[in-house]
Each structure stands twice: as structure tokens, then as C-alpha cells.
Amino acid sequence: MMPKLRRLRTASPFQVILITLFTALALFMSLPIVFIFNHAFKPQNELFLFPPRFFVRHPTLHNFETLFLHASNATVPFTRYLFNSLIVVSLTLVSVVVVSTMAAYVLAKYQFHFKQLIMSLITLSLMFAPETVSIPRYLVINGIGLNNTYLGHILPALASPVAVFMLVGFISQIPSDLMEAARIDGAGHVGIFVRMILPLSVPAIATISILTFQGVWGDVETSTLFMQKETMRTLAFYVNSLLSGLQNNVAGQNMAAAAGLLIFIPNLIIFLLFQRRVLETMVHSGIK
Amino acid sequence: MGSITFNHVFKRYKGESRPAVNDFHLSIEEGEFLVLVGPSGCGKSTTLRMLAGLEEISSGELYLDGRFINYVSPKDRDIAMVFQNYALYPNLSVYENIALGLKLRKTAKHEIDVRVKRVASILEIAHLLDRKPSQLSGGQKQRVALGRAIAREPQVFLMDEPLSNLDAKLRAQTRAELIKLQSDLKRTTVYVTHDQVEAMTMGTRIVVMKDGVIQQVAAPRALYDEPANVFVAGFIGSPQMNFLNGTIEKSDGDYYFSNKRMRLLLPEATGRNFERAPKTVRSVILGVRPEHVILKRGSTEEAGFITGLVQMTEATGADSYVYVQIGSYPLIARTDPEQTYAAGDVVSVGLQMHKIHFFDESTEELVGRGEA
């Protein structure tokens, strides 16, 4: 603590202004998070207060209680949605990491025909808004009969141009000498990939893991479009339906508040776990 | 064990008209310390990488111990390579770095342990085994990279400018250690460098390359004393050999080297070089090393001496180099550091005629020497 204080004391007026401004900005940016946490514990009367309040006066666990109780009354329990989400998220995460790193390794480190074309296609696909491909996606998923299966959730997220794009940039900075040294040491393509490329790409993998996690965890598209059975839909869909008036809007508000927090927490945990690695990715400009 | 044969090896890159390596034809003996030297872009590293299997051979054959290895993958060639930037695996500890090659070759665990520790003690890095490469200094990284190569006990060591990232003092020290190591291990070593001092001190044989073509292959001393052409003569030796353009003339049975500013009588033996030579050889380049230039104070009428003006002097401590201008011809002379010359001093310059070289002006090949 002491050295930090001393550093503050030696800060120039300009730095003091900057620090104050950024602190204020950070506090402002954290307001929604503060709101989510408080909102989840508000009793019914505070939920509908106008003007709304940020902080909870009389915290209660009632919202969570209703959420779980309501769920057990409904045809599909809350836990089923949670289970689906966990399955889908973990499988997608693993497969996206595997597929993207493999693709990126080859694109970054090997020369082959049509490499430029493939890279251009990947860049091009970054430009599409997801809505524009919903219909073709539906046709594909429906065509191969993946409706109401976990694969129907996973497959659309599997090819992640953002992940490949980021990883290509990262892996191409790993010196080729390392791979050559490994080749001479006796490693094959798989050996180099597993022993060198994967461990050295951990910061980038962490980043794409967060992005993928957030994308999939919060995604309602696959549940809406490809899943007709309620038992195959995910938590994000369920929470969304509570909020969007598919269910009883007024009665749903308290459950929505609790579910909102529940769905937010994993995001926070994942981010806190990986944030140091993410920063590394951003700082990383090359391995010396 | 460890003899290498290059049979007319070429390396052509797509879209380049000139081959990067042009007709590399050479046999490397078992246990030899061969140095490939030349300016950057001369193809020396490409040659090494072809030998390592990291670069495809466009045409020609490569043999290791009589085995045709053009299409053998690097891991099956029984070679180890030390890279310029060490290429240590940053995610592995020093121990794991050294052990990886053995592990991938399915060496027994206790055997790996014995070998890693032995190598570590030879290279004095035993106390660093648990560290990560990022925690090592340049010199230590260099040792780990060497250790990684040695632990595998390959037939051939390849080294691609392994010392160029070290500071001058450490480089000299490591150079000496490498020489000792090689003589202890007696393994064939192919060493690439652009530094002629490294080449001269380390190699049992030196290959000088330029533009992908071998200029000369010789032992260090022979390379210095009998350079095959102007390029080799200028590349080996620091400061470089002096070159003077002129012609060979014959009068009254004696041969003279002459140009606008000088007329030097050649020793009889040297002159005889030109007796049978074709007529085109008459335009020549005279080459003389700075240590074979004699400097005297003041101008003199003595035969074989030419008057010049001192431009500057360079004192390195042990020697001092005097830059003299004779008309339009510059010349560097090595002198005793006790003798000081100032810019503008008038000096007489003589050459040790038995130490001079003559190169043909158009082909730049050696055509005659003082000692013949």
C-alpha cells in the first residue's frame, strides 16, 4: 500500500486529473453490474419502484425461491435449462478451441495452395451480421436433421472466424525457428502442435475462450430456431423468455431479476479467471 | 560416422532467376569442423538448412554416411542444430528443453536424466535446470541450446551463427569453449558464420561462399595465404587486403608491375608466372596484405619504394594501421604502434614482394604469387 501512496503523491496534476477521470468512468461503467446484483435481491415492491433504485433496501432471496419453485411447477425445470447450457457451452468451447487452433496453426505456419483465398474468406465472413445467415443456417441444420440435438447448438458456433483470425495473428508471431528446432528434435506435425503451439498460444486461447463462452452462454438463436423441444433449449433462452413477455410479464420480473444474476455470474467468473491472459494477448507483440 | 557428401546440390526459389545455392559440391570428412562463411545472402544458411532437412533440395544429391538423405525428414537424419536465436522452447524448463529430443526418441527416463545432467555439468548449467528460458541471460541460453544439441549425441552438429547474439567478450570465450567441445566430442560440425574471425579460428576447413557459389575451400592458413580470387582475398583478413590495379610488363628479361604511380620489379620466380600465361593476363590486380606493406618516414629514392601521403591512422593497441594515399591508390599498412604517423606526413611505401598476389583483372582469379 505504501509504495502506491507514495507514487500517488509524486503524480503530476495532469496525472491526478486523469486518475480521477478514469476512476469516475470505471465507476460509471460498473453501474449495470451493481444494478444486476442489487436487482436480484429486491423484493417485489422494490422491483416495480418508480423511479427505480440502484441499491436494494430490504434484500431477500425470494426471487431465487420463485425461480426454482416456478421452474418445478413448469413442464421443464430450471435445472434442465442449466444442464443444457452447461453441456452446450463446454462442448462448444472445447471444439472451438481445438478446431480454431488447428486451422490457425496451418494457416499461420504452412504454405499451401489457396491459402490466401481461405484467409480472405475468413476475413469476409467476419463482416456478416449473424442475422443474415440465420435462414441458411436453419436450412443446413434442418437438412442434416440436427434439430433438437446438442449438435444443433454446437455446430453453428463451431466455425468461428473471429477465433481463427485472432489465433492466426498470434501464432504467426511464434518464431518458426522453434518449430524447426522441434522438427529436428524429432517432433512431427502433431507433436509440434501439441507441445509448442498450444502452450504458447494460451493467452490467445484464453481470449477466444471468453469470447466464445459469452457468445454461446448468452445465445438464444439456436434455441429459438433449431430447437422445437423445450427440453433442448438453453438457460439464456429461458431467461430471455421470462423477460420478453413470452411468460407472465409482471409475475416474471422477480424471476428474471434472479435469473439475470445467475446468467451473469459465470461470465464474470470466466472473465476474472482469464483476464490476465487476455491482457497478455493484447500486450503481446512478439516473443523475443 | 558423420561424413557428408554434397553432390552438385542446387537450391532454387520460385520466382528467382539465380539459384540461392549454385552447384554446391563438397565432401565433409568425419569429425571435421567445417565453417561456411560469406556475406549475408550468400547461401550459407540455405546450405545448412538443406543439410538439416528444413529446406528442400532442388537438384543434386545429399549423402550422410553414404546414405541418400534428400527426402529423409529432419528427425530421421541424426543431426542436431543450434540456431542463431537459440530457439529454446519458452514453455519448457531448461531440463525439459534438453530432454525433449530424447523424450521424443523414446529414450528411457533414467537414461534421459543421466544424459541431461551430464551435459549440464559439461556446460556448467546444472544450477539452471529448473529455470525457464526467459530467466536466462544470452550466454546461458546459448549454453542450453548447445546442451540440447549435445544431449542427443547426434552424428552431425549444425550451427547457424550461434554466437552472433552474444557480446564481444562472451563471444570470444564461447568460441574457445566450442573449439574445445568439438575436439572432445569429435563429431562432424558444420558451422555457419559471416564473421571471418570465427571462421579462421574455429574451422579445420573453411568454405567461402558468394552468391550461392563456393569460392574456395581450404584450411584457414591456406585460405589466408593463397586466396583463390579477389573476393576471398578481400573477405578474409581485417583490415582487408590492399588491391592495386596495373599491368605486367616485360623489359630486358625482367618483369615489372606498373601503373601511373609505380613501377615495381617482380622477383624472378613471380615473373615466371607470366611467361607462359596468355596475353590477357597482363592487366592484373596486385593484392598485398597490410602487414606486408613496409612504411618509412620521408620520401626516398630507394628502388621499390613509392612516396605517399598519410591520410589517417587507426591504433588498435597491439597494432596500428596507417592509411596512405599514393596518387589515386589507397593503401593500408600495419605498423608498430610505437611508430606514430600523423595525417599529412610524407612516407615511403614498399611491398614485401614475395608476399604479394596477382589476380587477373577480368576474371579476378589468382594468377601469380610472390612466392609462386
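In the block above lies the structure referred to throughout.
In this text the structure is predicted, and so the values were computed from the model without any measurement.

Bringing the overall build of chain B into the picture now. Each helix and strand in chain B was counted, giving nine helices and 21 strands. If one aligns the C-alpha atoms of chain B with their principal axes, the spans along those axes are about 80 × 45 × 35 Å. Looking at chain B residue by residue over its 372 residues, the buried ones come to 51%. In chain B, which carries 45 positive and 45 negative side-chain charges, the distance between the mean positions of the two groups comes to 6 Å.

Sheet strands pair via backbone hydrogen bonds, and the direction of the pair is either parallel or antiparallel. Residues and elements named next belong to chain B. Taken together, four strands build an open sheet; the order of strands is β2-β1-β4-β5 and the sheet is antiparallel. Of all strands in the sheet, those with a lone pairing partner are β2 (21-28) and β5 (67-68), marking the two edges. Pairing between strand β1 (residues 4-11) and β2: five bridges, direction antiparallel. Looking at β2, one finds that Phe 6 is bridged to Leu 26.

Residues and elements named next belong to chain B. Ile 4, Phe 24, Leu 158 and Val 190 are the most contacted members of the largest nonpolar core, which has 64 residues in total. Contact partners of Leu 158, with chain neighbours within four places excluded, come to Leu 48, Leu 51, Ala 52, Ile 79, Ala 80, Met 81, Val 82 and Val 190. Ranked by size, the runner-up nonpolar core spans 44 residues in total, among them Ile 150, Leu 163, Ala 218 and Leu 223.

Residue and element names in this part refer to chain B. Strand order across the open sheet formed by six strands is β13-β12-β11-β14-β20-β21, with antiparallel pairing between neighbours. On the outer flanks of this sheet lie β13 (263-265) and β21 (366-369), each paired with one strand and no other. Direction aside, the axes of adjacent strands within the sheet are offset by 35° on average. Pairing analysis gives three bridges linking strand β12 (residues 254-258) to β13, with the strands arranged antiparallel. When the sheet's bridge partners are listed, Tyr 256 is paired in β13 with Leu 265.

In this assembly, 14 residues from chain A lie in contact with 24 residues from chain B. The largest share of the area that chain A buries against chain B comes from A:Ile184, A:Asp185 and A:Arg195, three residues that together contribute 39% of it. The interface formed by chain A and chain B includes two salt bridges. Residue A:Glu180 is joined to B:Arg49 by a salt bridge in which the shortest nitrogen-to-oxygen separation is 2.8 Å. Summed over the shared surface of chain A and chain B, the number is nine residue pairs in polar contact (both at pLDDT 80 or more). Elements that contribute at least two residues to the side of chain A that touches chain B include exactly α11 (176-185) and α12 (189-200) of chain A. Examining the composition of the side of chain A that touches chain B, we find that eight residues originate from one element, α11(A), more than from any other. Residues of the side of chain A that touches chain B, tallied by class, amount to eight nonpolar, one polar and five charged.

Reading the values: the criteria
- Residues numbered from 1 in each chain as written.
- Chains lettered and ligands numbered in written order.
- Predicted model: local features only at pLDDT ≥ 70, side-chain atom pairs only at ≥ 80, totals over all residues.
- Heavy atoms only, no water.
- Helix = DSSP H or I, 4+ residues; strand = E, 2+ residues; numbered from the N terminus.
- Buried < 20%, exposed > 50% of the residue type's maximum accessible area, 1.4 Å probe, protein only.
- Lys, Arg positive; Asp, Glu negative; His and termini not counted.
- Charge placed at Lys NZ, Arg CZ, Asp CG, Glu CD.
- Pairing = 2+ DSSP bridges.
- Core = buried A, V, L, I, M, F, W, Y, C linked by side-chain atoms within 4.5 Å.
- Contact = heavy atoms within 4.5 Å.
- Axes fitted to C-alpha atoms, helices over the stretch in contact; angles between N-to-C directions.
- Buried area = accessible area lost by both parts, 1.4 Å probe.
- Salt bridge = Lys/Arg side-chain N within 4 Å of Asp/Glu carboxyl O.
- Polar contact = N/O pair within 3.5 Å; in protein donor to acceptor, adjacent residues only side chain to side chain.
- Nonpolar A, V, L, I, M, F, W, Y, C, P; charged D, E, K, R; others polar.

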